[in-house]
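Structural overview for review
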Amino acid sequence: MKTHSKRWTAAALALSGGLLAAAPAWAAKPYPERPVTLVVGYAAGGATDIVARLMAKSLSEELGQTVVVENKTGANSNIGAEIVSRAAPDGYTLYVGSIANTINRTLYSQLNYDFVKGFEPVGLLATIPNILVVNPKLPVKTVQEYIAYAKAHPGKLTCASSGSGSSIHLSCELFKMKTGTDILHVPYRGSGPAVADLLSGQVDSMFDNLPSSLPHVQAGKLRAIGVTSPERLPATPDAPTLAESGLPGFDVESWFGVVVPAGTPKPVIDRLNQAMNKALASPALQASYKQSGFFPPQSPNTPETFGAKIASEIDKWGAVVKNANLKAN
């Protein structure tokens, strides 16, 4: 009896051990099983917000769960980034990282998050050039006339941005360095509020991301006098490149991508990347991108390729910030 008892006990232990080992496999629920939040560090109406909402709609269809966009504004997107860096690493809180986050790493002497160590890259969403737009009341129609006006009114011509350290801000700083002009920078909490004041004439000009200014250019409410891309844009064929306008090598590209808190499981990251790429390949999203002025990322669009881009951008803009002696607190 003792022998049989020992055998039954051993068999029971082996069975229970096998069941326990198998438990995670059959007990785990597929991701996602509830709504996902996509955090934007800027106010509604700017390019970051626009691309986030376009992707959220398509991503909801691919994931089978609602993707909700939340705007957490302030400090050139640092507040939103900090919030997400402290969120649970479970794939339910995502952040739309941008060129601004790679600039902020050098621009700010102290940050309460680390954009490299605090996040895991998922994938690139889109790229866009910046466009130099002015209020139609400003008596300039070309980049050279803009430069002449700035030199005739040192410190008086205003240039709005979505926040200190944004690509919009640094486009203006790069312009000032290349032209030797004294232009007053006016930072806002996102492109939306900045464009609103540009439309009303509270500020004179802006190196805005194309999507947030394009509708106003097409409606004749803003005048486009130059683009920061290497070539002219189909959406604004009459606006020459800054290189054409006498500033060779002036090339600034803004970009947007999804990151998640560090520690997020690799299968979740891969699932999100797969869903994003399927959404990016859909005719509906491609049509929306084209209408809004966004350019989809090139393949392959993987967490690894996006991570490499982030590292490259940190090096590139770190040098610009240091050369311009820019600091923000």
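Scoring rules and cut-offs
Residues numbered from 1 in each chain as written. Predicted model: local features only at pLDDT ≥ 70, side-chain atom pairs only at ≥ 80, totals over all residues. Heavy atoms only, no water. Helix = DSSP H or I, 4+ residues; strand = E, 2+ residues; numbered from the N terminus. Buried < 20%, exposed > 50% of the residue type's maximum accessible area, 1.4 Å probe, protein only. Contact = heavy atoms within 4.5 Å. Areas by Shrake-Rupley, 256 points an atom, 1.4 Å probe, with all protein chains shown as cover. Lys, Arg positive; Asp, Glu negative; His and termini not counted. Charge placed at Lys NZ, Arg CZ, Asp CG, Glu CD. Core = buried A, V, L, I, M, F, W, Y, C linked by side-chain atoms within 4.5 Å. Salt bridge = Lys/Arg side-chain N within 4 Å of Asp/Glu carboxyl O. Pairing = 2+ DSSP bridges. Expected span 1.5 Å × (residues − 1). Arc of directions from axis to C-beta. Axes fitted to C-alpha atoms, helices over the stretch in contact; angles between N-to-C directions. Parallel < 35°, antiparallel > 145°, perpendicular 65-115°, else oblique. Left-handed = near helix turned anticlockwise from the far one by under 90°. pLDDT = per-residue confidence, 0-100. Phe/Tyr/Trp six-rings, centres within 6.5 Å; stacked < 30°, edge-to-face > 60°.

**Some remarks on the overall build of the protein**
Counting its regular elements, the protein contains 11 helices and 9 strands. Going through the 329 residues of the protein one by one, you find that 51% of them count as buried. Here the analysis covers contacts within the protein between residues at least 6 apart in sequence; of these, 78% occur between residues at least 24 apart. Carbon together with sulfur atoms contributes 56% to the accessible area of the protein, which is approximately 15100 Å² in total. Side-chain charges of the protein comprise 29 positive and 24 negative groups, with the mean position of each set lying 6 Å from the other.

**Points about the nonpolar core**
Y146, F175 and F207 are the most contacted members of the largest nonpolar core, which totals 60 residues. Element by element, the count of residues in this core is highest for strand β4 (residues 119-134), at 6 residues. For F175, the contacting residues outside a window of four places in its chain are V143, Y146, I147, T181, I183, F207, L242, L247 and F250. The next biggest cluster of nonpolar side chains, apart from the first, holds 35 residues, and it includes V40, V69, V260 and V268.

**Focus on the pattern of salt bridges**
With the rule as written, the count across this model stands at 10 salt bridges. As a salt-bridge pair, E70 and K72 come within 3.8 Å of each other at their nearest N and O atoms. Accessibility expressed as a relative area gives 30% for K72, which makes it partly exposed. For E82, the salt bridge is made with R86, and the minimal N-O distance between the two is 2.9 Å.

**Notes on the pairing of strand β7 (residues 205-209)**
Most of β7 sits out of view: 5 of its 5 residues are buried. Here β4 pairs with β7 via 5 bridges, running antiparallel. Paired with L132 across the strands is F207, a residue of β7. Where strand β5 (residues 158-161) and β7 come together, 2 bridges link them in parallel fashion. Considered in β7, the bridge of C159 is made with S205.

**What about helix α11 (residues 303-323)?**
In a regular helix each residue adds 1.5 Å, so 21 residues correspond to 30 Å; α11 covers 31 Å between its end C-alpha atoms and thus fits that length. Among the residues making up α11, those that are buried are P303, F306, I310, E313, I314, W317, G318 and V321. Projected onto a plane normal to the axis of α11, the buried residues spread over an arc of 135 degrees and lie on a single side. Away from its buried face, by an angle of more than 90 degrees, α11 presents the exposed residues E304, D315 and N323. After α11 finishes, the residue N325 shows a positive phi value of roughly 55 degrees.

**Quick notes on the packing of helix α4 (residues 99-107) against α11**
At their nearest, the axes of α4 and α11 sit 8 Å apart, and the two run at 50 degrees to each other. Viewed along their axes, α4 and α11 adopt a mutual orientation that is oblique. Pair α4 / α11 crosses with right-handed handedness. Across from I99, T102, I103, R105, T106 and L107 in α4, the residues of α11 making contact are I310, E313, I314, W317, G318, V321 and K322.

**Section: the confidence of the model for the protein**
A residue-level look at the protein finds 91% of positions with pLDDT of 70 or above and a mean pLDDT of 90. Within the model, pLDDT remains below 50 along residues 1-27, and this stretch shows 2 contacts once partners closer than five positions in the same chain are excluded.

**Observations regarding the packing of aromatic side chains**
All told, the structure shown has 10 aromatic pairs when counted by the stated rule. Note on F256 and F294: the rings are 6.1 Å apart at their centroids and 80 degrees apart in plane angle, and the pair reads as edge-to-face. You can see F256 sitting in strand β9 (residues 253-261) and its partner F294 sitting in the loop between α10 (283-292) and α11, a full 38 residues away along the chain. Given the relative accessible area of 2%, F256 is considered buried.

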